[in-house]
Amino acid sequence: MSQEDLEALLAAARDFNRNNEITGVLLFSGTKFMQCFEGPDEAVQKVYKRVLASRKHKDVMVMLDEPVEHRAFGDWLMGSARVTESDLLKLYTARWTARNSETSLPATISTGMGMLQVFWGMRPT
């Protein structure tokens, strides 16, 4: 995907997200994407169906699908960052279920989401 194609994709996503109360981030390694979007359930389903309907996407995986009290990326209609394949691999292989390993009780956040939030907070702006 060229930089121009990526910018066009982001512009379209931001317009869609603005109109549907969606926020989130998109990470891109040059060949692979990782996306987190958040908002009202109906809107999240709508954007997910849009992703699945695009012929540009293949091998789509859902890492986490659960309600949250507060948005993690509420200031971003669609934040974007270029990342390394290694960074994406770390995120892909993280634990995305929110379980406390010591007690087996639900935790407040999954390891994967925690890593994504830390990664996003450390990125150069």
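As a reminder, the structure under discussion sits directly above these lines.
Residues numbered from 1 in each chain as written. Predicted model: local features only at pLDDT ≥ 70, side-chain atom pairs only at ≥ 80, totals over all residues. Heavy atoms only, no water.

(A) Structural view of the overall build of the chain. Looking only at helices and strands, the chain features 4 helices and 3 strands. When the helices and strands of the chain are listed from N to C terminus, the series reads α-β-β-α-β-α-α. Taking contacts inside the chain between residues at least 6 apart in sequence as the whole, the part at least 24 apart equals 63%. Accessible area for the chain stands at about 8500 Å²; split by element, carbon and sulfur atoms hold 53% of it. (Helix = DSSP H or I, 4+ residues; strand = E, 2+ residues; numbered from the N terminus. Contact = heavy atoms within 4.5 Å. Areas by Shrake-Rupley, 256 points an atom, 1.4 Å probe, with all protein chains shown as cover.)

(B) Seen up close, the side chain of Thr23. With respect to the helices and strands, Thr23 occurs in strand 1 (residues 23-28). Overall, the relative accessible area of 7% leaves Thr23 in the buried class. Once residues lying within four places of it in the same chain are set aside, the contact partners of Thr23 are Cys36, Phe37, Glu38, Arg71, Phe73, Gly74, Trp76 and Leu77. (Buried < 20%, exposed > 50% of the residue type's maximum accessible area, 1.4 Å probe, protein only.)

(C) Region of the structure containing the packing of helix 1 (residues 3-20) against helix 2 (residues 41-53). Direction vectors running N to C along helix 1 and helix 2 enclose 155 degrees, while the axes themselves pass 10 Å from each other. The orientation of helix 1 with respect to helix 2, classified from their angle, is roughly antiparallel. For the pair helix 1 and helix 2, the sense of crossing is right-handed. Across the interface between the two elements, Ala12, Phe16, Asn17 and Asn20 from helix 1 touch Ala43, Lys46, Val47 and Arg50 from helix 2. Here the residues of the contact of helix 1 with helix 2 sort into 4 nonpolar, 2 polar and 2 charged. (Axes fitted to C-alpha atoms, helices over the stretch in contact; angles between N-to-C directions. Parallel < 35°, antiparallel > 145°, perpendicular 65-115°, else oblique. Left-handed = near helix turned anticlockwise from the far one by under 90°. Nonpolar A, V, L, I, M, F, W, Y, C, P; charged D, E, K, R; others polar.)

(D) Representation of the sheet that holds strand 3 (residues 79-82). Spatially, the 3 strands line up as an open sheet ordered 2-1-3, and their pairing is mixed. The outermost strands of the open sheet, each flanked by one partner alone, are strand 2 (33-38) and strand 3. With strand direction ignored, the average angle separating the axes of adjacent strands in the sheet is 10 degrees. In the packing of helix 1 onto the sheet, the strands contacted are strand 1, strand 2 and strand 3, and the crossing angle to strand 3 comes to about 160 degrees. Where helix 4 (residues 111-122) meets the sheet, it contacts strand 1, strand 2 and strand 3, and its direction lies at approximately 80 degrees from that of strand 1. (Pairing = 2+ DSSP bridges.)

(E) Here's a closer look at a negative patch on the surface. A surface patch of negative charge is lined by Asp41, Glu42, Asp65 and Glu66. Position of Asp41 relative to the elements: it lies in helix 2. (Patch = residues over 30% accessible without salt bridge, like charges linked within 9 Å, V, L, I, M, F, W, Y side chains within 5 Å. Salt bridge = Lys/Arg side-chain N within 4 Å of Asp/Glu carboxyl O. Lys, Arg positive; Asp, Glu negative; His and termini not counted. Charge placed at Lys NZ, Arg CZ, Asp CG, Glu CD.)

(F) Inspection of the packing of aromatic side chains at higher detail. The final tally for this structure, using the stated rule, is 3 aromatic pairs. With a centroid separation of 4.4 Å and 25 degrees between ring planes, the pair formed by Phe28 and Phe33 is classed as stacked. Its relative accessible area of 3% is what places Phe28 among the buried residues. Judged by its relative accessible area of 30%, Phe33 falls in the partly exposed class. Ring centres of Phe73 and Trp120 lie 6.4 Å apart, and the angle between their planes is 85 degrees; this geometry places the pair in the edge-to-face category. Pair noted here: Phe73 is in the loop between helix 2 and strand 3 and Trp120 is in helix 4, with a separation of 47 residues, a long-range link. We note that Phe73, like Trp120, is buried. (Phe/Tyr/Trp six-rings, centres within 6.5 Å; stacked < 30°, edge-to-face > 60°.)

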